[in-house]
Amino acid sequence: MTKGQKIGVIVPIFNEEDNLPELKRRLSSVLDSTGLDYEVILVDDGSKDGSLALMREFNKKDPRWKALSLSRNFGHGAACTSGLDHIDADAVIFVDADLQDPPELILEFLKKWREGHAVVFGARTGRSEGWLRRAVTRVFYRILSGVSATPLPLDAGIFSLLDRTAADSLRKLPERHRYLTGLRAWLGYPQVSVPYERQSRHASSPKQSLAKLVSLAFDAIFGFSSAPLRLATLVGLVMAAGAFLFSLNVFYDKFFTDKPIIGWSSTMVLISWTGGMILFTVGIIGEYVGRIYDEIKQRPIYLVKEKVGL
Ligand code: UDP
Ligand code: MG
């Protein structure tokens, strides 16, 4: 890292007016302490509260704090992507607005960057979150890393630093379903993780609803693995083999024994079981078809409503 280099920080924001002043205070003091040139792009992802007004105020006081306001809520991945498209920096840093990821860790990121790592990301060693969320996240990451074609880091989120080359490469990935943690891992280059304890939110409640988290989990699984398709094939094979053996048994009973052929209940069990499995596998295929459809529509990932200081 030499003098004259510039750091760019991207913060996705959805209704975070209660966190923004503290974020500004802590992030500014970290960035000022580096002595490097920097810019911060706050991305307003369709907030309904006073977030955008605060962003305008920040920009008036300090032009290094810029803002991008999207035309509506596009989601965390799209918000981060829009920031990436508008930033010009030697090292791009993604950080959430709620201070769950301590801005002070950025100094550690910069150190690793200086040592020559193109990508530095925070790996959560502990979380001050509810046990249920922690348990579900843990199981999810284990499954995901088991089936993913790209080796994905465990317990990593968006909190990371990308050097210019890696950031440019990430910008080139065109997909609409943006599981950024996975896309970042896919990039390759020398990557390194920095362990840290994830804090509780500074203020207000999570903005990623359960539905958004589930859809992110689906993006991760279906975007990085074709294992579900193989599972569908496997389920089909197993059921076909079972049906074959069962029919042999029925024929045997019919022609070589006096046993009556078992009736209604076994038929119902088989029909409902088969029906369920067919729908399950069609659903898996549907997930991929839906994603293909989303991609070929080629809609932009986000739309910008207003730029402040950019
Ligand atoms: N966020 C966003 N758009 C959304 C949801 C969330 O830009 O549709 C922002 C949010 O303001 C925060 C970050 O993304 O800065 C992470 O959100 P949250 O803290 O709710 O996620 P979690 O930490 O629970 O994963
Ligand atoms: Mg959070």
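Each value, and the rule that gives it
- Residues numbered from 1 in each chain as written.
- Chains lettered and ligands numbered in written order.
- Predicted model: local features only at pLDDT ≥ 70, side-chain atom pairs only at ≥ 80, totals over all residues.
- Heavy atoms only, no water.
- Donors = N, O, S within 2.8 Å, 3.2 Å for Na, K, Ca; no water.
- Buried < 20%, exposed > 50% of the residue type's maximum accessible area, 1.4 Å probe, protein only.
- Salt bridge = Lys/Arg side-chain N within 4 Å of Asp/Glu carboxyl O.
- Helix = DSSP H or I, 4+ residues; strand = E, 2+ residues; numbered from the N terminus.
- Near = heavy atom within 4 Å.
- Polar contact = N/O pair within 3.5 Å; in protein donor to acceptor, adjacent residues only side chain to side chain.
- Areas by Shrake-Rupley, 256 points an atom, 1.4 Å probe, with all protein chains shown as cover.
- Nonpolar A, V, L, I, M, F, W, Y, C, P; charged D, E, K, R; others polar.
- Phe/Tyr/Trp six-rings, centres within 6.5 Å; stacked < 30°, edge-to-face > 60°.
- Axes fitted to C-alpha atoms, helices over the stretch in contact; angles between N-to-C directions.
- Left-handed = near helix turned anticlockwise from the far one by under 90°.
- Contact = heavy atoms within 4.5 Å.
- Parallel < 35°, antiparallel > 145°, perpendicular 65-115°, else oblique.

K.L.:
I'm lost on the coordination of the magnesium ion (ligand 2) in this one. Help?
P.N.:
Each donor-metal-donor angle in an ideal tetrahedron of four donors is 109.5 degrees, and each such angle in an ideal octahedron of six donors is either 90 or 180 degrees. Only Asp 98 (OD) and Gln 100 (OE1) from the protein reach the magnesium ion (ligand 2) as donors, at distances of 1.8 to 1.9 Å. On the accessibility criterion, Asp 98 (4% relative accessible area) is buried.

K.L.:
Is there a simple way to think about the pattern of salt bridges in this case?
P.N.:
Two side chains that carry opposite charge are able to pair once their charged atoms sit near each other. Considering all chains together, one arrives at 20 salt bridges under this definition. The partner of Arg 164 in a salt bridge is Asp 88, and the shortest N-O contact between them spans 2.9 Å. Taken together, the residues Arg 164 in helix α6 (residues 164-172) and Asp 88 in the loop between α3 (76-86) and β4 (91-94) connect sequence positions 76 residues apart. Here Asp 88 falls in the partly exposed class, since its relative accessible area comes to 45%. A salt bridge links Arg 291 to Glu 287, with the nearest nitrogen and oxygen atoms 2.8 Å apart. Taken together, the positions of Arg 291 and Glu 287, both in helix α10 (residues 264-296) and 4 residues apart, correspond to about one turn of that helix.

K.L.:
Any chance you could explain the site of ligand 1 here in plain terms?
P.N.:
Close contacts around ligand 1 come from 19 residues, with Glu 16, Asp 45, Asp 98, Gln 100 and Lys 207 the closest. The separation between an oxygen atom of ligand 1 and a polar main-chain atom of Pro 12 is 2.7 Å. Residue Gln 100 places a side-chain N or O atom 2.6 Å away from an oxygen atom belonging to ligand 1. Expressed as a share of its isolated accessible area of 530 Å², the protein-covered part of ligand 1 is 97%. Classifying every residue of the shell around ligand 1 gives 5 nonpolar, 5 polar and 9 charged.

K.L.:
Honestly, the packing of aromatic side chains in this entry has me stumped. Any pointers?
P.N.:
Remark: the centre distance and the inter-plane angle together describe each pair of aromatic rings, the angle taken between the planes. Considering all chains together, one arrives at 9 aromatic pairs under this definition. Aromatic side chains Phe 109 and Phe 159 sit 4.8 Å apart centroid to centroid with 45° between the ring planes, which places their arrangement in the tilted category. Of this pair, Phe 109 sits in helix α4 (residues 105-114) while Phe 159 sits in strand β6 (residues 156-163), and the two are 50 residues apart along the sequence. Grouping residues by exposure puts Phe 109 and Phe 159 together as buried. Aromatic side chains Phe 222 and Tyr 288 sit 5.2 Å apart centroid to centroid with 90° between the ring planes, which places their arrangement in the edge-to-face category. One end of the pair, Phe 222, is in helix α8 (residues 210-224); the other, Tyr 288, is in helix α10, with 66 residues separating them in the sequence. For Phe 222, a relative accessible area of 12% corresponds to the buried category. A residue is classified by how much of its surface remains accessible, and Tyr 288, at 14% relative accessible area, is buried.

K.L.:
Any chance you could explain the packing of helix α1 (residues 20-34) against helix α2 (residues 51-61) here in plain terms?
P.N.:
How two helices pack is summed up by the angle between their axes together with the distance between the axes. Interhelical geometry of α1 versus α2 gives an angle of 35° and a closest axis separation of 10 Å. Seen from above, α1 lies across α2 with right-handed handedness. Here α1 contributes Leu 20, Pro 21 and Lys 24 to the contact with α2, which in turn contributes Ser 51, Leu 54, Met 55 and Phe 58. Residues that form the contact of α1 with α2 fall into these classes: 5 nonpolar, 1 polar and 1 charged.

K.L.:
Would you explain the packing of helix α9 (residues 227-256) against α10 in this entry?
P.N.:
At a minimum axis distance of 9 Å, the contact between α9 and α10 shows a crossing angle of 160°. Comparing the axis directions of α9 and α10 gives the class roughly antiparallel. For the crossing formed where α9 meets α10, the hand is left-handed. Facing α9, whose interface residues are Pro 228, Leu 229, Leu 231, Ala 232, Val 235, Met 239 and Phe 246, α10 presents Leu 270, Trp 273, Thr 274, Met 277, Phe 280, Thr 281, Ile 284, Ile 285 and Tyr 288.

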